[in-house]
Amino acid sequence: MAAGRVVAGIGEGAAPTVGEARRLVVRALRAAGIENAGLDARLLLEGSVGERDLDPGRVLDSADLGKLADFVRRRLASEPVWRILGEREFWGLTFRLSPATLEPRPDSETIVEAALRQLGPRRDEPLSILDLGTGTGCLLVSLLSECRLATGLGIDLSEEACRMAAGNAASNGVAGRAAFRQGNWVDGLAGIYDVIVSNPPYIPASEIAGLSAEVREHDPLLALDGGPDGLTPYRVLARDVPRLLAPGGFIVFEIGAGQTSDVVSIMAAEGLELRALRHDLGGHERALIFAPA
């Protein structure tokens, strides 16, 4: 598809500079009602060229324009920028994405921060870490990057997600300390773990149809659907996780809006006590830390 057919002004006459192309892309995205049009335009331009911090005066060649046209077309069809680019930064590391993985989001960095704060000086010990519903592996890989003597296991129902997570562990230098396995939560797991982290599906099934197109059409349903009330995975994990915790171990859950009291009650019924609560950058309760009472 020619660039000019996607964004008016691009591909018409002389090849545009980076600055000119960015202005035209911003205009097209804003006209479509897309928020953060300026940031999206910059990221799509950088992705099409394969470089960051582009010189505004640089002239784009035909290959760059063709790729930019495809990127803009996909963004106008509500595909998220990071899906288009195929990767996203999380905890200062880069994670490749696939249709089988949830897109890592900054709010989930709260889980990593909470686990590290709870560990304190123990992060220098040879810990064992379990990540349930690993997706891209962002939680486990980020923790292993901070805990240099730790080893970890990531579990996901999707075999494709496990392959992607393994690749992300390799590209971020922790493959020798990380393993990934296809499975249904903790079924068949033995052994004990010092730290368990999980960002389970927590959207009530009836609310999924009302999510934004960026989420509804591009994040995997398996990573979104938390059952009728959004709490089904927490009930499953509350029953099974205590037997996997080492003495002094703890679990960190990500939760959705307004779920704190329900999740605390679910965990308490299985002998797990709330030890700490952490807020995300937006001030919302995001990470709950539990340990045996």
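Residues numbered from 1 in each chain as written. Predicted model: local features only at pLDDT ≥ 70, side-chain atom pairs only at ≥ 80, totals over all residues. Heavy atoms only, no water.

Enquirer: Account for the overall build of the protein, naming residues and giving values.
Expert: Helix and strand counts for the protein stand at 10 helices and 9 strands. Here the C-alpha radius of gyration of the protein, 21 Å, is about what a compact globule of 293 residues would show, namely 19 Å. If one aligns the C-alpha atoms of the protein with their principal axes, the spans along those axes are about 70 × 40 × 35 Å. Element-wise, carbon and sulfur atoms account for 50% of the exposed surface of the protein, whose accessible area totals about 13200 Å². (Helix = DSSP H or I, 4+ residues; strand = E, 2+ residues; numbered from the N terminus. Rg over C-alpha atoms; globule rule 2.2 N^0.38 Å. Areas by Shrake-Rupley, 256 points an atom, 1.4 Å probe, with all protein chains shown as cover.)

Enquirer: Kindly report on the sheet that holds strand 9 (residues 285-292), identifying the contributing residues and their values.
Expert: Spatially, the 7 strands line up as an open sheet ordered 5-4-3-6-7-9-8, and their pairing is mixed. Sheet topology places strand 5 (178-182) and strand 8 (272-279) at the edges, where each strand pairs with a single neighbour. When strand polarity is set aside, the average angle formed by the axes of neighbouring strands in this sheet is 20 degrees. As defined by bridge partners, strand 6 (residues 193-198) adjoins strand 7 (residues 245-254) across 5 bridges and the pair is classed as parallel. Each residue of the ladder has a partner; that of Tyr-193, found in strand 7, is Leu-245. Packing against the sheet, helix 7 (residues 159-171) makes contact with strand 4 (151-156) and strand 5, and its axis sits at approximately 170 degrees to strand 5. (Pairing = 2+ DSSP bridges. Axes fitted to C-alpha atoms, helices over the stretch in contact; angles between N-to-C directions. Contact = heavy atoms within 4.5 Å.)

Enquirer: Help me get a handle on the layout of surface pockets, residues and values and all.
Expert: Where empty space is left becomes clear once a probe the size of a water molecule has been rolled over the atoms. Approximately 370 Å³ is the volume attributed to the second largest pocket. Around the second largest pocket sit 15 residues that line it, and Gly-47, Arg-52, Trp-82, Leu-85 and Glu-87 are the ones nearest its centre. Mapped onto the lining of the second largest pocket, the elements with two or more residues apiece are helix 2 (37-49), helix 4 (81-85), strand 1 (87-90) and strand 2 (93-96). Looking at the lining of the second largest pocket element by element, the count peaks at 4 residues for helix 2. Among the residues forming the lining of the second largest pocket, the class breakdown is 4 nonpolar, 3 polar and 8 charged. (1 Å grid on protein atoms, 1.4 Å probe; cavity = no way out; pocket = protein on both sides within 12 Å on 5 of 7 lines; lining within 4 Å. Points joined across faces, edges and corners; volume = space filled by probe spheres on them. Nonpolar A, V, L, I, M, F, W, Y, C, P; charged D, E, K, R; others polar.)

Enquirer: Describe the packing of aromatic side chains, and please don't skip the residues or the numbers.
Expert: One pass over the structure, following the stated rule, counts 3 aromatic pairs. Pairing Tyr-234 with Phe-253 gives two aromatic rings, centres 5.6 Å apart and planes at 75 degrees, and the pair type is edge-to-face. Separated by 19 residues along the polypeptide, Tyr-234 in helix 9 (residues 232-240) and Phe-253 in strand 7 bring together distant segments of the chain. Phe-253 matches Tyr-234 in its accessibility class, with the two residues each being buried. Clustering of aromatic rings is evident, with ring pairs tying together Tyr-234, Phe-253 and Phe-290. (Phe/Tyr/Trp six-rings, centres within 6.5 Å; stacked < 30°, edge-to-face > 60°. Buried < 20%, exposed > 50% of the residue type's maximum accessible area, 1.4 Å probe, protein only.)

Enquirer: Break down the pattern of salt bridges for me, with residues and values.
Expert: With the rule as written, the count across this model stands at 22 salt bridges. Of the charged contacts in the structure, one is a salt bridge between Asp-40 and Arg-75, with a shortest N-O distance of 2.9 Å. Linking Asp-40 in helix 2 with Arg-75 in helix 3 (residues 62-76), this pair joins segments that are 35 residues apart in sequence. By the burial criterion, Asp-40 is buried, and Arg-75 matches it. Close ionic contact of Arg-117 with Glu-113 constitutes a salt bridge, the shortest N to O distance being 2.7 Å. (Salt bridge = Lys/Arg side-chain N within 4 Å of Asp/Glu carboxyl O.)

Enquirer: So what's going on with the state of the cysteines? Which residues, and what values?
Expert: Counting across every chain of the model gives 0 disulfides. In this structure Cys-147 is a free cysteine whose sulfur lies 15 Å from that of Cys-138, the closest cysteine sulfur available. (Disulfide = S-S within 2.5 Å.)

Enquirer: Got a sec to walk through helix 10 (residues 260-268)? Specific residues and values, please.
Expert: Buried within helix 10 are the following residues: Thr-260, Val-263, Ile-266 and Met-267. Seen end-on, helix 10 carries its buried residues on one side only, within an arc spanning 130 degrees. Against helix 9, strand 7, strand 8 and strand 9 lie the buried residues of helix 10. (Arc of directions from axis to C-beta.)

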